[in-house]
Amino acid sequence: MDLKFIKSKQFRQVPFALIPQYKKEINRLKDAEILKPVQFSEWASPIVLAKKPDGSVRICADFKATVNPQIDVEPYPSPLRESLFHTIRHGKLFTKIDLKGAYLQMELDDETKKVLVIKTPIGLFQYQRLPYGIASALAIFQRYLEQLLENQEGCGNFLDDIITTASSTEEHIKRVKNATELAHYREDLQLHVAADASSYGIGAVLSHILADSSEKPIAFASKTLDRHQVR
């Protein structure tokens, strides 16, 4: 990528009182394969700790002075409550699905991983999944969710919340299961690809066409274009 990143000179010391919680969270992120230790990096971003109500901490990367000024942010429209209300207007039963980790469920490609490195008191760590704090994260996540839910009747999302609704209990349970499960690939079923592209990125959802003509997602992909690809 033709990017001129600078290695942040800032190093924020973790308060002594938060060191146990900090180490616990680092280990959790490593075990979940969200962070990967690296020995060297051309640059790195500092971190900020946010204390949660339960006493644990959230490790946030501060990309304001490193990554964000160097990337083109896709102008994908932010979600509107009015659009969600229109989608669920005929419902009688409602379920809200809060996506744990939200952005962190989206895997990064190898080129992107190289620039999403954080500097911590115990070394450098490379993000393997889309972190909070990246200026384009909301647009990428919103586009993917809309593609994933495009053919799911009675389903919509607002940020990282998926809202599912129906007029009967049986149909409602079916729609909740459809919204939360990816199907396994089957050779005997037809495939459908829903793709979307802009001057900033591309995305696609691969789905099976089921016997009742409904579609079930089995895989997805999303990529933000770099400057060479945009040209």
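Residues numbered from 1 in each chain as written. Predicted model: local features only at pLDDT ≥ 70, side-chain atom pairs only at ≥ 80, totals over all residues. Heavy atoms only, no water.

*Asks:* Tell me what's going on with the nonpolar core, and back it up with residues and numbers.
*Replies:* L116 and Y127 are the most contacted members of the largest nonpolar core, which has 40 residues in total. Broken down by secondary-structure element, the contributors of at least two residues to this core are helix 1 (19–31), strand 3 (57–61), strand 6 (123–127), helix 4 (137–148) and helix 5 (169–180). Ranked by residue count, the leading element in this core is helix 4, at six residues. Beyond its immediate stretch of four places on either side in the chain, Y127 contacts I34, L35, I59, A61, F63, L108, K113, L116 and I118. (Core = buried A, V, L, I, M, F, W, Y, C linked by side-chain atoms within 4.5 Å. Buried < 20%, exposed > 50% of the residue type's maximum accessible area, 1.4 Å probe, protein only. Helix = DSSP H or I, 4+ residues; strand = E, 2+ residues; numbered from the N terminus. Contact = heavy atoms within 4.5 Å.)

*Asks:* Could you give an account of the sheet that holds strand 4 (residues 93–98), with specific residues and numbers?
*Replies:* With antiparallel pairing, three strands are arranged side by side in an open sheet as 4-8-7. Two strands in the sheet have a free side with no partner beyond their single neighbour: strand 4 and strand 7 (155–158). Strand-to-strand twist in this sheet, taken as the mean axis angle between neighbours without regard to direction, amounts to 25°. Inspection of the sheet shows strand 4 paired to strand 8 (residues 161–166) by six bridges, in the antiparallel sense. What sits directly across from F94, in strand 8, is T165. (Pairing = 2+ DSSP bridges. Axes fitted to C-alpha atoms, helices over the stretch in contact; angles between N-to-C directions.)

*Asks:* Describe in detail the pairing of strand 2 (residues 47–51), supporting the description with residues and values.
*Replies:* By the bridge criterion, five bridges tie strand 2 to strand 3 in an arrangement that is antiparallel. Its bridge partner lying in strand 3, L49 is registered against I59. In this antiparallel pair of consecutive strands, strand 2 and strand 3, the connection spans five residues, and G55 shows a positive phi of 95°.

*Asks:* Tell me about the environment of D110, and please be specific about residues and values.
*Replies:* Mapped onto the elements of the fold, D110 is located in helix 3 (residues 110–113). Residue D110 is classed as exposed on the basis of its relative accessible area, which comes to 55%. Sequence separation between D110 and Q128 is 18 residues; the distance between their C-alpha atoms is 8.5 Å.

*Asks:* I'd like a rundown of the sheet that holds strand 1 (residues 35–38), residues and numbers included.
*Replies:* Within the open sheet, the three strands sit side by side as 1-6-5. Their pairing is antiparallel. This sheet does not close on itself; its edge strands, each paired only once, are strand 1 and strand 5 (117–120). Ignoring strand direction, the axes of neighbouring strands in this sheet form an average angle of 35°. Of the strand pairs in this sheet, strand 5 and strand 6 are connected by four bridges, and their pairing is antiparallel. The residue of strand 6 that forms the bridge with I118 is F125. Lying on the sheet, helix 1 is in contact with strand 1, strand 5 and strand 6; it crosses strand 1 at an angle near 100°.

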